[in-house]
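Now for the letters of each chain:
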Amino acid sequence: MKGIAGFVIFVLVVLGVLFIMSGDDYPPVPSDDVHKAISDNTVCLECHGQDKEYPLKKDHPPKFACLKCHKRNE
């Protein structure tokens, strides 16, 4: 019985750690007038594209799915 309880506790701890590590902490889309009008990912690259005013970092993940990760700050 002790072995089963230890195993259950171990599994719960591992699942808890995995859950905590999976939390994505992406900056939200600002709620200013410029960003409120955005409804399409292609608009983002007008300012955040390469050689633009606010370019994305080179290691930024796929640049065609902005609103998948960055949620609106409501």
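What you see is a predicted model; the values in this text were computed from it and never measured. (Residues numbered from 1 in each chain as written. Predicted model: local features only at pLDDT ≥ 70, side-chain atom pairs only at ≥ 80, totals over all residues. Heavy atoms only, no water.)

Caption draft 1: Quick peek at the overall build of the protein chain. For the protein chain, the count of helices and strands is four helices and zero strands. Compactness check: the protein chain gives a C-alpha radius of gyration of 20 Å against a globular reference of 11 Å for 74 residues, more than 25% above the reference. Dimensions along the principal axes, computed over C-alpha positions, put the protein chain at roughly 60 × 30 × 15 Å. Taking all 74 residues of the protein chain together, the buried fraction comes to 9%. Of the contacts formed within the protein chain by residues at least 6 apart in sequence, a portion of 51% connects residues at least 24 apart. Total accessible area on the protein chain is roughly 6,700 Å²; 65% of this is exposed by carbon and sulfur atoms. Measuring between centres, the 9 positive side-chain charges of the protein chain sit 9 Å from its 10 negative side-chain charges. (Helix = DSSP H or I, 4+ residues; strand = E, 2+ residues; numbered from the N terminus. Rg over C-alpha atoms; globule rule 2.2 N^0.38 Å. Buried < 20%, exposed > 50% of the residue type's maximum accessible area, 1.4 Å probe, protein only. Contact = heavy atoms within 4.5 Å. Areas by Shrake-Rupley, 256 points an atom, 1.4 Å probe, with all protein chains shown as cover. Lys, Arg positive; Asp, Glu negative; His and termini not counted. Charge placed at Lys NZ, Arg CZ, Asp CG, Glu CD.)

Caption draft 2: Examining unusual backbone geometry more closely. Not every positive phi belongs to a glycine, and Asp51 is a case in point at roughly 65°. As for its placement among the helices and strands, Asp51 is situated in the loop between helix 3 (41–48) and helix 4 (66–69). A relative accessible area of 71% means that Asp51 is categorised as exposed.

Caption draft 3: Looking closely at helix 1 (residues 2–21). Taking 1.5 Å as the rise per residue, helix 1 with 20 residues should run 28 Å; its terminal C-alpha atoms sit 29 Å apart, in good agreement. Where burial is concerned, little of helix 1 is hidden: zero out of the 20 residues are buried. (Expected span 1.5 Å × (residues − 1).)

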